[in-house]
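Chains, contacts and geometry: an overview
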Amino acid sequence: EIIKPFGHAPGQIESGPFLMLNGLTAAGATLGEQTKNLMAKADAQLRRSGSALRDVLKMNVFYVTPTYPGDYPQFNNATKVAFADFEPPTRSVVRAPRITDPYLLRIDFLALGHDGSDQ
């Protein structure tokens, strides 16, 4: 019941202790650049809501690039850098070749929000 309002529309949704960023994308010439930019964008958006990338519990990654698995190491390396200082979240990666847009991946993030009591 607590996550019922999340749905799957693009954007940010807050419910109870959770924040969800749906359909996040970022520009970049390569999968590695897009991943790096996307992680920075997610962190900035989460911080505006009192959370951060370190609070992400789960990522659903929609891998759009047609050159899978050839460029997957770029994604993997960029996420290792983004989560190097804290425990990385669980992630599901699915190949989604039917998504047609200029991006090579989309990610949905589920994170814990903060009430400010531990900051």
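Residues numbered from 1 in each chain as written. Predicted model: local features only at pLDDT ≥ 70, side-chain atom pairs only at ≥ 80, totals over all residues. Heavy atoms only, no water.

**Quick look at the sheet that holds strand E2 (residues 18-24)**
The mixed open sheet is built from five strands, whose spatial order is E1-E2-E5-E3-E4. Each edge of the sheet is formed by a strand with only one pairing partner; in this case those strands are strand E1 (11-15) and strand E4 (90-95). Pairwise comparison of adjacent strand axes, ignoring direction, gives a mean angle of 10° for this sheet. Summarising the sheet, E2 and strand E5 (residues 105-112) pair through five bridges and their orientation is antiparallel. Among the inter-strand pairings, Phe18 is bridged to a residue of E5, identified as Leu112. (Pairing = 2+ DSSP bridges. Helix = DSSP H or I, 4+ residues; strand = E, 2+ residues; numbered from the N terminus. Axes fitted to C-alpha atoms, helices over the stretch in contact; angles between N-to-C directions.)

**Considerations on the environment of Pro17**
Tracing the backbone shows Pro17 in the loop between E1 and E2. A relative accessible area of 39% means that Pro17 is categorised as partly exposed. Expressed as a C-alpha distance, the spacing of Pro17 and Leu112, which sit 95 residues apart in the sequence, is 5.8 Å. (Buried < 20%, exposed > 50% of the residue type's maximum accessible area, 1.4 Å probe, protein only.)

**Focus: the nonpolar core**
One recurring pattern in soluble globular proteins: nonpolar side chains tend to sit buried together. With 20 residues, the main nonpolar core has Met59, Ile107 and Phe109 as its most contacted residues. Where this core is concerned, the elements lending two or more residues are E2, helix H1 (31-48), strand E3 (56-63) and E5. If one sorts the elements of this core by residue count, H1 sits on top with five residues. Beyond its immediate chain neighbours, meaning those up to four positions away, Phe109 contacts Leu19, Met20, Leu21, Leu24, Leu38, Met39, Ala42, Leu53, Val56, Lys58 and Met59. (Core = buried A, V, L, I, M, F, W, Y, C linked by side-chain atoms within 4.5 Å. Contact = heavy atoms within 4.5 Å.)

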